[in-house]
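A look at the structure
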Amino acid sequence: MSDIVDEFNEYRSKMNDKILADNNKVIKRIFNLDTNAYAEGALDVKTKELLGLVASAVLRCDDCIKYHMETSYKIGLKKEEVVEALSIATLVGGTIVIPHLRRAYEFWDALEARD
């Protein structure tokens, strides 16, 4: 079985390279803004990642959820912290978020299985 984490990262990297190769100033600035928005500031990086995760779940963006799940994992957030944030997302977003919650759990399990 292929690793869903590797699959996601390989596709994301390949397509980001392709998008950025077009050298569109607006797109490059949006990518840069996204990167800089999650840097340490008045809010710490862990809080910003959890905010990004909640917004991604409420907006039902599986790619965004995977990105924030992996970043959360890499920066040392505990599963309990991530699950609590996802519980808020499910409360705010409603039951339509549940399928995305399932995939988020699956992705976290895949991240943990790599260790």
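The structure this text deals with has already been given above.
Here is what the cut-offs are and how they apply
Residues numbered from 1 in each chain as written. Predicted model: local features only at pLDDT ≥ 70, side-chain atom pairs only at ≥ 80, totals over all residues. Heavy atoms only, no water. Helix = DSSP H or I, 4+ residues; strand = E, 2+ residues; numbered from the N terminus. Buried < 20%, exposed > 50% of the residue type's maximum accessible area, 1.4 Å probe, protein only. Contact = heavy atoms within 4.5 Å. Salt bridge = Lys/Arg side-chain N within 4 Å of Asp/Glu carboxyl O.

Before going further, it helps to spend a moment on the side chain of histidine 100. Position of histidine 100 among the secondary structure elements: in helix α6 (residues 98-113). Judged by relative accessible area, histidine 100 falls into the buried class, the value being 11%. The residues touching histidine 100, leaving out its near neighbours within four places in the chain, are Arg60, Asp62 and Ile65.

Attention now moves to the pattern of salt bridges. Per the counting criterion, the structure on display carries 5 salt bridges. Across the pair aspartate 3 and arginine 114 runs a salt bridge whose closest N-O atoms are separated by 3.4 Å. Within this pair, whereas aspartate 3 is found in the segment before α1 (4-21), its partner arginine 114 is found in the segment after α6, the two being separated by 111 residues in sequence. Judged by relative accessible area, aspartate 3 falls into the partly exposed class, the value being 27%. Residue arginine 103 is joined to aspartate 62 by a salt bridge in which the shortest nitrogen-to-oxygen separation is 2.7 Å. With a gap of 41 residues between them, arginine 103 in helix α6 and aspartate 62 in helix α4 (residues 62-74) connect regions that are remote in the sequence. Owing to a relative accessible area of 33%, arginine 103 belongs among the partly exposed residues under this scheme. What you see here is one network of salt bridges that share partners, running through Asp3, Asp6 and Arg114.

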